[in-house]
Amino acid sequence: MHDPRPHLGEPLALDLLDTRWNQHGHPQDLLTDVAGLGVWLASAGLTDRTVADQATLDAVRAARTAIYDVVQSATHTALNAVLDHGRIRRTLTDAGPEDIIDVPDIAWLPAWLAADNLLHLLAEAPDRIRQCAHPDCVLFFYDTSKNGTRRWHSMATCGNRTKAARHYAKKP
């Protein structure tokens with residue numbers, strides 16, 4: 001099954017948020033079942049590290065809610081609960097220092113990775129985590145533009161719709 005979402009390629013935490021979108025004014029959710037989870041895991045490149053089952057789906061949904069809470073209202077209790085399912089174990093190997101992701105319950109690995117990715121985004125540039133400015137769009141993106149003023153997840157869709165609506169509103 002191909003990924004039906006209109007916007008792909010964001011960092012893992014935001015890609016997880018973008019498993020919810022609007023299509024022709026109707027809310028869509030890729031994570032309504034294990035099959036949809038399988039699509040997201042494949043799109044995120046995680047199929048070799050976990051399995052698409054109900055336990056993983058429940059964990060990923062919990063992470064999505066926790067990430068949304070942080071991004072929308074800076075509430076971090078749920079995110080910390082997701083992060084409690086794993087850790088980064090630092091070790092020294094023959095090749096040098098290494099960080100090993102240690103998530104004992106494999107069902108929590110994708111959720112933990114998404115939560116950990118959000119921490120990296122927040123440390124790097126929290127002001128670059130944005131929700132699309134189009135009033136009917138619920139998608140998120142990480143603004144990588146040079147001046148940091150990107151407003152839409154996609155200029156080709158939401159940006160053009162916004163500009164067209166503004167243009168037609170000016171016409172007599």
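My aim in this report is to walk through the structure given alongside it, one point at a time. Predicted model only: the values in this text are computed from it and were never measured.

Moving on, we get to the overall build of the chain. Within the chain, the secondary structure is distributed over 6 helices and 6 strands. Reading the secondary structure of the chain in the N-to-C direction produces α-β-β-α-α-α-β-β-α-β-β-α. Taken along its principal axes, the extent of the C-alpha atoms in the chain is 70 × 35 × 30 Å. For the chain, buried positions account for 40% of its 172 residues. Put simply, 47% of the contacts in the chain that link residues at least 6 apart link residues at least 24 apart. About 9700 Å² of surface is accessible on the chain, with carbon and sulfur atoms providing 53% of the total. Both charge centroids of the chain, one from 18 positive and one from 21 negative side chains, sit 13 Å from each other.

Further remarks concern the nonpolar core. By size, the foremost hydrophobic cluster in this structure holds 42 residues, and its most contacted members are L16, W40, I67 and L79. Listing elements by their share of this core, those giving two or more residues are helix 1 (12-17), helix 2 (34-43), helix 3 (54-73), helix 4 (77-83), helix 5 (109-124) and strand 6 (140-142). No other element matches the 8 residues that helix 5 contributes to this core. Aside from chain neighbours lying at most four places away, what touches L79 is A66, I67, V70, A115, L118 and L119.

So, about the pairing of strand 4 (residues 96-102). Put simply, side chains in a regular strand alternate between the two faces of the sheet. Of the strand pairs in this sheet, strand 3 (residues 87-93) and strand 4 are connected by 7 bridges, and their pairing is antiparallel. Bridged to R89 within strand 4 is I100. What sits between the antiparallel neighbours strand 3 and strand 4 is a turn of 2 residues.

The subject of this paragraph is the packing of aromatic side chains. Applying the stated criterion across every chain yields a total of 1 aromatic pair. Between Y68 and F140, the ring centres sit 6.1 Å apart and the planes meet at 90°, which makes this aromatic pair edge-to-face. Taken together, the residues Y68 in helix 3 and F140 in strand 6 connect sequence positions 72 residues apart. Residue Y68 is classed as partly exposed on the basis of its relative accessible area of 34%.

This part is about the pattern of salt bridges. Summed over all chains, the structure comprises 8 salt bridges. Between R90 and D99 there is a salt bridge whose closest N-O contact spans 2.9 Å. By relative accessible area, which is 47% here, D99 ends up partly exposed. Close ionic contact of D143 with R130 constitutes a salt bridge, the shortest N to O distance being 2.5 Å. You can see D143 sitting in the loop between strand 6 and helix 6 (155-170) and its partner R130 sitting in strand 5 (residues 129-131), a full 13 residues away along the chain.

For helix 5, built from 16 residues, the straight-helix expectation of 22 Å at 1.5 Å per residue is met to within 8% by its first-to-last C-alpha distance of 22 Å. Taken together, the buried positions of helix 5 are L109, P110, A111, W112, L113, A114, A115, D116, N117, L118 and L121.

The next point concerns the environment of L41. Note on placement: L41 falls in helix 2. Taking the C-alpha atoms as reference, L41 lies 9.8 Å from L16; in sequence the two are 25 residues apart. If sequence neighbours within four positions are ignored, L41 has contacts with L46, T47, T50, V51, A52 and P110.

Calculation notes
- Residues numbered from 1 in each chain as written.
- Predicted model: local features only at pLDDT ≥ 70, side-chain atom pairs only at ≥ 80, totals over all residues.
- Heavy atoms only, no water.
- Helix = DSSP H or I, 4+ residues; strand = E, 2+ residues; numbered from the N terminus.
- Buried < 20%, exposed > 50% of the residue type's maximum accessible area, 1.4 Å probe, protein only.
- Contact = heavy atoms within 4.5 Å.
- Areas by Shrake-Rupley, 256 points an atom, 1.4 Å probe, with all protein chains shown as cover.
- Lys, Arg positive; Asp, Glu negative; His and termini not counted.
- Charge placed at Lys NZ, Arg CZ, Asp CG, Glu CD.
- Core = buried A, V, L, I, M, F, W, Y, C linked by side-chain atoms within 4.5 Å.
- Pairing = 2+ DSSP bridges.
- Phe/Tyr/Trp six-rings, centres within 6.5 Å; stacked < 30°, edge-to-face > 60°.
- Salt bridge = Lys/Arg side-chain N within 4 Å of Asp/Glu carboxyl O.
- Expected span 1.5 Å × (residues − 1).

All we've got here are geometric facts, nothing functional implied.
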